[in-house]
Structure formats: structure tokens, C-alpha cells
Amino acid sequence: AQERYASIRDTDCVTKDGHYISLQMNAGLMADLPSLESSGANGVGLFRTELQFLIRNQMPRRTELAALYKRVLDAAQGKRVVFRTLDIGSDKVLPYMKPHDEPNPALGWRAIRVALDRPGVMRMQLQALIRAAEGRNLTIMFPFIAQFSEYKLARNEVDTVLAREKRLGHAVPERLEIGAMLETPSLAYAPQQFFDEVEFLSIGGNDLKQFFFAADRENERVRRRYDTLSVSFLSFLEGIVGRCEGTNTHLSFCGEDAGRPIEALCLAAVGLRNLSMRPASIGPVKSLLMRYSLAEIRKVIDESGARGDESVRAAVMEYLRQNG
Ligand code: PEP
Ligand code: MG
């Protein structure tokens, strides 16, 4: 199988009915960079910047971060890298920050909420990113945006840092692209203006699913209780696809499910055209997607839903078995 994946590494992922699906990789450590070459990823759809903060025993410095980000951009050789700003709290706790005892960390003071309330660290990080990208494209994504105003405030932070860099006479990125993660159901119902304004969205399926089903992703008792291929969840995702199509907003999916071949196939069938996953998943996902027609899978999904199935998994598996 490994050989088969190697042989399609440089092949575009195009389904039987001609849909091109961009497959990107998730990363966060310098050790991930060689995978950019070896996996055949079209770019880095999610760079989890908090990993660099989590592996240290003290806050990294701006110059150190800028050097790291520069190495990432160098390794990407012009491919798009989506840098997600610090996503801490909940399951990701920095050893050198005062822990906050919260009854419900997943619903608590985390990610962009921390960044907006205590903007110092994010400002430092934004400055490092802007300096690292001088003269190149820079893509920044904010985690855990639950409503439009949070996106506007976060975006303002970027504008402020950028203006300051220019005033200081520093080189700035050639182009800046700013987007948000869609990880809370609320954001799917944000006003039209949000979808007009945001430059791209990436569905954080791990968090989105935990909030959609109210099932803690860290809790072994419940984390596998609800199927990603539930008719309810897929139709919710499809609604997001529809809203993004209405405003021509670039949409991707970067949760773990994007790296599971059957899930990836169904995500593509409901309209997701950009999937970001761990590098080792790119081969298996590409290999499966290239063998099927999204229109056919779509039909199987619709028929399963019409029959009242809770999950389309059995129907899709059966279809794959018969048409393998
Ligand atoms: C997600 O929530 O799906 C996601 C990609 O972010 P993380 O897993 O880092 O929370
Ligand atoms: Mg998340």
C-alpha cells in the first residue's frame, strides 16, 4: 500500500466525476516539515502554532518564533501555509501560564477568548509572523471564533500590528489573508456580513462535532458515541458549504475526520473541496477519493437520509463494497 501511495504522491486528487479535491496537511512542529515533500500535500491547511509553545518550559521569544515561522515558509516553497494563532486552554495547557480552574474547560476561557482578553502574546506572535513573511504571502487563521465581533476584534489586532511594522520601516508580507476556524455551531449562523468579510473559513471538525453533539472529545465514554457520518451532522456541514458558496468564501475542513478515507469521501460528497489532515493520511484519502464519483456517493447519502437512517455509514460502506 505504501508503494501505491508513493506512486500517486504527485498526482492531483481528482474524483471519477472530475472534482478536484485539494489535500493539505496539518502540522505544528519543525519535525513535520519534511512531510510537505514526502506526502505530496498541496500546502499546510492547519499549522498549530501552540505546539511550539507547548514543547517549551518558558514563553518563546519573538525573534525565535519569527525564525521558526520563516523556516516553515521556506520549506513550503510558496505553497499556502495557514498559521493558526495560539489555541490554548481546554485540552492545551501551557506549563508556564497560571492554570485557571474552570468547571468546563472546553467551554471556557480558551483560544481567541484568551487572546482578546490578554492580547500581549497574540500581538507578539502576529509580529513574528509578519516579520517572518516579509515579501511573501501570509495566511493567518483565528481559532474558536464564535461570533462576528470576535473576528473583527482579532482582525483589528492584525491591522494594528501591521501598521506599526510599517511605521517602524519593517518589510511586510506581500499579501495577507485572514480567516477563521468554524468550531462552534453559532458561527454557521453568523450574519451575511461575516461571510462577506472573512477571507476563508476552516471547519475544525474535532471541536465542531463535540459541540454539535454535546459530547466531550476528551471523554472516552462519549467521544465515539456519535458518528461524524450522521445525517444530522452532514446536513449541518452542507449548510455551511452553502453559505460559503453564496459569498464565494474559501472553505476547508481540518479536523481529524478529514484524514479518515470514508469520512473524507463523504465530506467531499457534501461539497467540501479542501481537506487538511495528518500527512500520513494523504495517500489513503487520495487513493480512495480517486476511485469514486462524488455524485454517486451523494446519491447514496441522500437515499440513506431519506430512509431515515441515523448515519449514512452503513449505506456508504455497502456501496463501496459493491463498487470496490
Ligand atoms: C479542530 O477542532 O477540529 C481542530 C482542527 O483544532 P484542534 O484539534 O487543534 O482543536
Ligand atoms: Mg479546535
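Residues numbered from 1 in each chain as written. Chains lettered and ligands numbered in written order. Predicted model: local features only at pLDDT ≥ 70, side-chain atom pairs only at ≥ 80, totals over all residues.

Chemist: What is the right way to read the overall build of the protein chain from this model?
Modeler: When helices and strands are counted, the protein chain shows 15 helices and eight strands. Relative to its length of 324 residues, the protein chain is compact, with a C-alpha radius of gyration of 20 Å against a globular reference of 20 Å. Across its three principal directions, the C-alpha atoms of the protein chain cover 65 × 45 × 40 Å. Each of the 324 residues in the protein chain was classed as buried or not, and the buried ones make up 39%. Within the protein chain, residue pairs in contact and separated by at least 24 positions form 69% of the contacts whose partners lie at least 6 positions apart. (Helix = DSSP H or I, 4+ residues; strand = E, 2+ residues; numbered from the N terminus. Rg over C-alpha atoms; globule rule 2.2 N^0.38 Å. Buried ≥ 20, exposed ≤ 12 C-beta atoms within 10 Å, placed from the backbone. Contact = placed C-beta atoms within 7 Å.)

Chemist: Would you mind going over the site of ligand 1 with me for this structure?
Modeler: By nearness alone, every residue bordering ligand 1 is listed as Leu-46, Arg-48, Asp-87, Glu-183, Gly-204, Gly-205, Asn-206, Asp-207, Cys-254 and Gly-255. Those elements that place two or more of their residues in the shell around ligand 1 are strand S2 (43-48) and helix H10 (205-212). Considering each element in turn, the shell around ligand 1 owes the most residues, three residues, to H10. By residue class, the composition of the shell around ligand 1 is two nonpolar, four polar and four charged. (Near = placed C-beta within 6 Å. Nonpolar A, V, L, I, M, F, W, Y, C, P; charged D, E, K, R; others polar.)

Chemist: In this structure, what is going on with the pairing of strand S4 (residues 137-142)? I would like to understand it.
Modeler: In regular strands, side chains alternate between the two faces of the sheet. Here S4 lies mainly inside the structure; five of its six residues are buried. Sheet topology places strand S3 (residues 80-84) next to S4; three bridges connect them, and they run parallel. Bridging from a neighbouring strand, Val-82 pairs with Thr-139 of S4. The handedness of the S4 to strand S5 (residues 175-182) crossover, carried by helix H7 (residues 148-167), is right-handed. (Pairing = 2+ DSSP bridges. Right-handed = clockwise from strand over helix to strand, strands pointing away.)

Chemist: Quick question: what am I supposed to make of helix H11 (residues 231-247) here?
Modeler: For H11, with 17 residues, the first-to-last C-alpha span of 25 Å sits near the 24 Å given by 1.5 Å per residue. Every buried residue belonging to H11 is among Phe-233, Leu-234, Leu-237, Ile-240, Arg-243 and Cys-244, and all of these are buried. Just beyond H11, the residue with positive phi is Asn-248, at close to 60°. (Expected span 1.5 Å × (residues − 1).)

Chemist: Would you mind showing me how to read unusual backbone geometry here?
Modeler: Leaving glycine out, the prevailing phi sign among residues is negative, and the prevailing peptide bond configuration is trans. Despite not being glycine, Ala-111 has its phi angle at roughly 50°, a positive value. Relative to the elements of secondary structure, Ala-111 occurs in the loop between S3 and helix H5 (112-117). By C-beta crowding, Ala-111 is classed as buried, having 27 other C-beta atoms within 10 Å. Positive phi is not limited to glycine here, since Ala-214 has a value of about 55°. Under the C-beta neighbour-count criterion, Ala-214 is labelled exposed, with 8 such atoms within 10 Å.

Chemist: Looking at this structure, I do not really get the packing of helix H14 (residues 294-306) against helix H15 (residues 313-322). What am I missing?
Modeler: Each pair of packed helices can be summarised by the angle the axes make with each other and by the distance between the axes. Between H14 and H15, the least distance of the axes is 9 Å, while the angle of their chain directions is 140°. Accordingly, the angle class assigned to the pair H14 and H15 is oblique. In this structure, H14 meets H15 at a crossing whose hand is right-handed. Residues Ile-297, Val-300, Ile-301, Glu-303 and Ser-304 of H14 form the contact with H15, whose own contacting residues are Ala-315, Val-316 and Tyr-319. By residue class, the composition of the contact of H14 with H15 is six nonpolar, one polar and one charged. (Axes fitted to C-alpha atoms, helices over the stretch in contact; angles between N-to-C directions. Parallel < 35°, antiparallel > 145°, perpendicular 65-115°, else oblique. Left-handed = near helix turned anticlockwise from the far one by under 90°.)

Chemist: For this particular structure, what's the right way to read the environment of Ala-190?
Modeler: Following the sequence through the fold, Ala-190 ends up in the loop between helix H8 (185-188) and helix H9 (192-197). C-alpha separation for the pair Ala-190 and Ser-149, spaced 41 residues apart in sequence, amounts to 9.9 Å. When residues no more than four places from it in sequence are discounted, the contact partners of Ala-190 are Gln-147, Phe-148 and Phe-195.

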